[in-house]
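# Chain and residue survey
Each chain, written out:
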Amino acid sequence: RLVNLGHKSGAVAQMQGFVHNTRRPKFADPRVRRAFALAYDFESANTSLFYGLYTRVNSYFDNSELAPRGLPVGRELELLEKWRAEVPVEVFGQPYRSPVNATPAQQRDNLREALRLLGEAGWKVTNGVLRHEKTGEAMTVEFLNNDTSFDRIVLPYQRTLAKIGIRLDIRVVDATQFVERTKTYDFEMISDVYPQNLAPGNELREDFGSAAADRPASSNRIGIKSPAVDALIEEVIYAVDRAQVVSAARALDRVLM
């Protein structure tokens, strides 16, 4: 799951965010990834670091007709119904919306919700450290990057995660090592970009397809492996008209988010 940053523009808003490598067991549970999203204070970062120039995106196709809206209906709903047993029930509700941390009260509420979700996933805070109840493993995460200028974005996040017992270590490596480690998926967390366009096609297989998840140097650095995603990608690629592209892209986006 990504924590999303999208710049205002007239094109499809570019998806950028923190990527958890879901090949790692501790990130396999979506409740854990949701907890990390709840802890990220985009509003403060936008004010203090980005001069208020960014708008949070909630879709891989944000700022376009391909982004889902309202409840799924028509062909979009038909496509999703085929996978009802395989996808979260939230897919059939309102589109995904990122957490808001605009006030201290919202920040506290979101951290409480993060701890609740982590607890459901088997993680509890003991003596200030988040540990897995069965294995005793501490929740430590290495954020891999090749640019020290990104520290100003990650350091506040590091402090917030520490409040719920998560230790985030920032590891800065040279560009060659960063490329090699991301190509072989030898990372826990990175910042990544997933640009899309108004005419999505075969590149979706590389970004989100199950086959790409095990292929070195693919764009599926998240590690997504989902039959539903694979099927919806094919619906986008083989759509015969614009209406089918729109409905398939919206259905795909709901499942991805």
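Keep in mind that what you see is a predicted model, and the values were worked out from it rather than measured.

Once that is clear, we can look at the overall build of the chain. Helix and strand counts for the chain come out as 10 helices and eight strands. A globule of 257 residues ought to have a C-alpha radius of gyration of about 18 Å, and the chain, at 18 Å, matches this closely. In terms of principal-axis extent, the alpha carbons of the chain reach across some 55 × 40 × 40 Å. Residues counted as buried form 51% of the 257 residues belonging to the chain. For the chain, the proportion of contacts with a sequence separation of at least 24, taken over those separated by at least 6, is 69%. About 12,200 Å² of surface is accessible on the chain, with carbon and sulfur atoms providing 53% of the total. Across the chain, 34 positive and 33 negative side-chain charges occur, with their mean positions spaced 4 Å apart.

To continue, consider the pairing of strand β4 (residues 123-126). Of the pairings in the sheet, the one linking β4 to strand β5 (residues 129-132) comprises four bridges and is antiparallel in character. Across the sheet, residue K124 finds its bridge partner in β5, namely R131. Joining the antiparallel neighbours β4 and β5 is a turn of two residues, in which N127 adopts a positive phi near 55°.

Let us now look at the environment of Q177. Looking at the element boundaries, Q177 is found in helix α6 (residues 175-183). For Q177, a relative accessible area of 31% corresponds to the partly exposed category.

With that settled, consider the packing of helix α9 (residues 227-237) against helix α10 (residues 242-256). Two numbers describe a pair of packed helices, the interaxial angle and the distance between the axes. At their nearest, the axes of α9 and α10 sit 8 Å apart, and the two run at 160° to each other. Relative to α10, α9 is oriented roughly antiparallel. Read as a crossing pair, α9 and α10 show a hand that is left-handed. For the pair α9 and α10, contact is made by V229, L232, I233, E235 and V236 and by V245, A248, A249, A251, L252, V255 and L256, respectively. When its residues are assigned to classes, the contact of α9 with α10 shows 11 nonpolar, no polar and one charged.

What follows concerns the pairing of strand β7 (residues 167-172). One ladder, built from six bridges, connects strand β6 (residues 140-145) with β7; its direction is parallel. Of the residues in β7, the one forming a bridge with F143 is I170. As for the winding sense of the linkage, the β-α-β connection from β6 through helix α5 (residues 151-162) to β7 is right-handed.

Our next topic: the environment of E234. For E234, the position within the fold is in helix α9. Judged by its relative accessible area of 28%, E234 falls in the partly exposed class. Remark: the alpha-carbon pair of E234 and L204, spanning 30 residues in sequence, is separated by 8.9 Å. Of the polar contacts made by the side chain of E234, one reaches the side chain of R205; its length is 2.9 Å.

This brings us to the packing of aromatic side chains. Within the structure shown, the criterion is met by 11 aromatic pairs. Relative to Y54, the ring of F50 lies with its centre 5.0 Å away and its plane at 55°, an arrangement referred to as tilted. The exposure class assigned to F50 is buried, which follows from its relative accessible area of 8%. Residue Y54 is classed as partly exposed on the basis of its relative accessible area, which comes to 29%. An aromatic cluster is built from F18, Y40, F143, F150 and Y157, whose rings are joined through pairwise contacts. The ring of F92 carries the charged tip of R84 above its face, separated from the ring centre by 3.7 Å.

Turning next to α9. Two residues of an α-helix separated by three or four positions point the same way, owing to the 3.6 residues in each turn. Buried within α9 we find A228, V229, L232, I233, V236 and I237. Residues of α9 that are buried sit in contact with α3 (74-81), α7 (203-208) and α10.

Quick notes on the rules
- Residues numbered from 1 in each chain as written.
- Predicted model: local features only at pLDDT ≥ 70, side-chain atom pairs only at ≥ 80, totals over all residues.
- Heavy atoms only, no water.
- Helix = DSSP H or I, 4+ residues; strand = E, 2+ residues; numbered from the N terminus.
- Rg over C-alpha atoms; globule rule 2.2 N^0.38 Å.
- Buried < 20%, exposed > 50% of the residue type's maximum accessible area, 1.4 Å probe, protein only.
- Contact = heavy atoms within 4.5 Å.
- Areas by Shrake-Rupley, 256 points an atom, 1.4 Å probe, with all protein chains shown as cover.
- Lys, Arg positive; Asp, Glu negative; His and termini not counted.
- Charge placed at Lys NZ, Arg CZ, Asp CG, Glu CD.
- Pairing = 2+ DSSP bridges.
- Axes fitted to C-alpha atoms, helices over the stretch in contact; angles between N-to-C directions.
- Parallel < 35°, antiparallel > 145°, perpendicular 65-115°, else oblique.
- Left-handed = near helix turned anticlockwise from the far one by under 90°.
- Nonpolar A, V, L, I, M, F, W, Y, C, P; charged D, E, K, R; others polar.
- Right-handed = clockwise from strand over helix to strand, strands pointing away.
- Polar contact = N/O pair within 3.5 Å; in protein donor to acceptor, adjacent residues only side chain to side chain.
- Phe/Tyr/Trp six-rings, centres within 6.5 Å; stacked < 30°, edge-to-face > 60°.
- Lys NZ or Arg CZ within 6 Å of the ring centre and 35° of its normal.

So far we have only geometry, and geometry alone does not tell us how the molecule works.
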